[in-house]
Amino acid sequence: MTTGASTHSPTRYRRRVLASALLLSTGLTPMLLPASANAQTSTQQAVSALQAENTFNIPAQPMTPALALFGQQSDLQITVDGSLVRDLQAPAVNGTLSNADALGQLLLGSGLSYSLADANTVVVEAAAEVSDDATPLDPLQVQASAESAVGPVTDSVVNSRSATGTKMDTPIVDTSASVSVITEEELETRNVQDLQQALSYTSSVSVDAYGSDDRYDFYRIRGFNQMSLGTYRDGLPSRIPSFTTSRIEPYGLQQIDVLKGSTSSLFGLNGPGGLVNAITKRPQSTEHGEVFVTGGDEHLSAGTDFGGPVDDDGKWSYRLTGLWQDGTHGRDYSNDDRFYIAPAVTYQPSDRTSLTLLANFSKRDSNAGYGFPADADIDPESFLGEPDFNRFDTTESSLGYLFSHQFSDALTFRQTARYSHIDLDYEQVYGGTTDPSVDRTAFSVDGEADRFGIDNQLQYDTALTDSIDSRTLFGMDYTYDKDRETTLLGSAPGIDIYDPVYCGRACVDVSTVYQDYEPEQNAYGVYAQEELTFNDRWILTLGGRYDYFDADVHYFTTDTDESTTAESFTSRAGLTYKITDGLSVYGNYSESFQPLYAPSANGYSVEGSLEPQEGTQYEVGMKYQPATLDALFTVALFDLTQTNVPTNVTPVIQRQVGKIGNRGAEFEAKMSLARNTNMTLAYSYWDAEIEEDGIGGNEGNRPSAVPEHLASAWVDHTFPANGARGDVTIGGGVRYVGSTYGDDANTVPVDAYTVTDAMVRYQITPKLGLSVNATNLLDEEYVVTSYYGTNYYGDGRTVLGTLKYAW
């Protein structure tokens, strides 16, 4: 890895103009070219996909896992509405057959048929729903239509493919990196309310770092804090340079991918732990819809999600997702009100060209964090701030698109872009102590932010020889972040923490300007990746990326400016060996690049120069996808190191000499064990260590808030309908987080804790269901961290009931 940094660059602005013009102009080229595909070519591709022969070994079993096995053994993606196949049985299919013959045998007598969304994606549907214009392929029908950029949508907790690990649609067993996928089925079953809950059953991910602090989604991947740089939406970063940001609404997602380890060779600026890629719901090729209402203690919400094709040809499709919520976080004077609406439209004039527009408006009224003196024994639902000065309210408006054009069977261009505007109104009083005469601290932020990101990808697939296949990826991306924040600091009178009496907004004084500034950041990246497959067994992946970053900060109080630039070349090398089609071993080396923002913007001064943080990772692992079971097992060993880590010499002075390492192991299993049973298992071991800190005393210690052990398990089982009784689903999970320290000196121990969750669902009719979900079922009271004398407790028990009608 080569990196560099400086405080000024005379060519910075020229680079910015040239790079921006180039990145934007590349996106216009495919739109100006005529579509090269036609109906005849589409039909030929469909016929070729169905005529391809494979060896099938599918036992007689329920239709859902049988279709999953067909997808694995045919190398086709399967999309199916789970309600169509839930009670169907599939016959055994064995032998060397064409894909069409195998699928025909599987669906024989089921009342189902299928169409092709593209040459690699099969859509299973009721026979009467197949288009009259479909191309006849005896004995079933085929129709070429839209390409899915995010892989199959299945009624399963298992997804065997991801486009996040390589920026190309790739089987997970072929990817030389650790990738976890959280499907829409899993999100719905657990009724997740935020991103932290969604990630809580994923290996090598720790969440809820500050418990009752609900301002952000706090999470670590492989021991490193990835909240600021590691959150992505549809492959584009949602970075948090300062206070102003908005949390992701989980009801607007159809899948979440977690890529673990250093990722800069593909994604640019990031820490060594990895990233979370949240995939937005987008239009589907079939009609669908749902409406629900959810109630609980101080909680009421309602939502809808519906869409489908607009015209008979299927060129236009749409989707509308909406949510309204009036709720709390279960503590005194807390708030969790939401309004979310996300329209989406897809235009697909041919099977080679697709454009999807994605928009969303999200308003979320929440509250600041709840912390308590470590030496006080009080109810964690107490409130020690001021009710009239307690908010973390955000409003986000976002507009983006996904564009794809296939020039030929070998060459494809993709472009993703998004613009977002965010407003923040943040007010908080904190710092109550056991001495009521001591003033509390008052703090407010008035912020707004503009974000823009664009990623261009050109992929070329070819066979170099009869035994060597090649997939080549070139890319250019650009991100822009601009914040305008005014931060005020002051005080409020002290409070009796055992018998609080609030003084109102009038007693809060925030007259001191702590920070009034406007940081602006630009990041440019150029990357390339080559994937070579030898004899369908060895897969070699090589990648490299050059990043250029500049940040400018204007301080309005002093009318001064501060600038920082940095550049880096990061690389990646991976090798996968497929012992069988479903069993692989792999190893990789990868690097990360994380430039640091201007120190004054964060309230610090720095001794010496400010260099980017650098990370390296070595990883080996094994993945197993059984041929006769809808399941995916992964295990990995890793060694991560990050250098140039800032260390506080005093509360306001940093020295950049730190080095942190983490060696660990992780295991994850996702499976459908039988007809109606799903299971998720995860375990992680982190041997994290401060290798250098520059001040002495902390070397050899465990970094704060990093546990040694993480473990979780979730199981749900559906008892099929019997007579007048509908389906009944019962599920439960347990999450264990090992002990940590509240400081790098390892003088503040924090105990381990275990939390249980549960759910039950009754299908009243095929379209109407009632479910109840509980998090922290036993109402365990526990401390998640102790930060500078303040304890943060985990969330208490929450029970939500949902009535949903789906069609």
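What you are looking at is a predicted structure, and each value in this text was computed from that prediction instead of being measured.

Enquirer: Mind laying out the confidence of the model for the protein, listing which residues take part and the relevant values?
Expert: Averaged over every residue, the pLDDT of the protein is 88; residues scoring 70 or more account for 87%. The least confident element of the protein, judged by mean pLDDT, is strand β10 (residues 140–142) at 31; the most confident is strand β45 (residues 768–775) at 98. In the predicted structure, residues 129–149 sits below a pLDDT of 50 and forms 48 contacts with residues beyond four places in sequence or in another chain.

Enquirer: So, the side chain of Ser206: which residues are in play, and what are the values?
Expert: Structurally, Ser206 is set in strand β14 (residues 205–207). Contact partners of Ser206, with chain neighbours within four places excluded, come to Phe218, Tyr219, Arg220, Trp686 and Leu710.

Enquirer: Explain the nonpolar core to me, using residue names and the numbers behind them.
Expert: One broad trend across soluble globular proteins is that nonpolar side chains are buried collectively. Of all hydrophobic cores here, the largest spans 26 residues; its most connected members are Leu67, Phe70, Leu106 and Val124. Listing elements by their share of this core, those giving two or more residues are α3 (39–51), β2 (53–58), α4 (63–74), β4 (77–80), β6 (93–98), α6 (99–107), β7 (112–118) and β8 (121–126). When neighbours within four sequence positions are excluded, Leu106 is seen to be in contact with Ile58, Met63, Ala66, Leu67, Phe70, Ala90, Pro91 and Val93.

Enquirer: Lay out the pairing of strand β19 (residues 253–260) with the relevant residues and their values.
Expert: In terms of burial, β19 is largely enclosed, as 8 of its 8 residues are buried. Pairing of strand β13 (residues 178–183) with β19, which is carried by 6 bridges, proceeds in the antiparallel orientation. Across the sheet, residue Ile182 finds its bridge partner in β19, namely Ile256. Relative to strand β20 (residues 274–280), β19 runs antiparallel, the two sharing 7 bridges. Residue pairing across strands places Lys260 opposite Gly274, the latter belonging to β20.

Enquirer: Any details on the sheet that holds strand β15 (residues 219–221)? Residues and values, ideally.
Expert: A sheet is described by the order of its strands in space; here 3 strands give the open sequence β14-β15-β16, paired in antiparallel fashion. The open sheet has two edge strands with one neighbour each: β14 and β16 (224–225).

Scoring rules and cut-offs
- Residues numbered from 1 in each chain as written.
- Predicted model: local features only at pLDDT ≥ 70, side-chain atom pairs only at ≥ 80, totals over all residues.
- Heavy atoms only, no water.
- pLDDT = per-residue confidence, 0-100.
- Helix = DSSP H or I, 4+ residues; strand = E, 2+ residues; numbered from the N terminus.
- Contact = heavy atoms within 4.5 Å.
- Core = buried A, V, L, I, M, F, W, Y, C linked by side-chain atoms within 4.5 Å.
- Buried < 20%, exposed > 50% of the residue type's maximum accessible area, 1.4 Å probe, protein only.
- Pairing = 2+ DSSP bridges.

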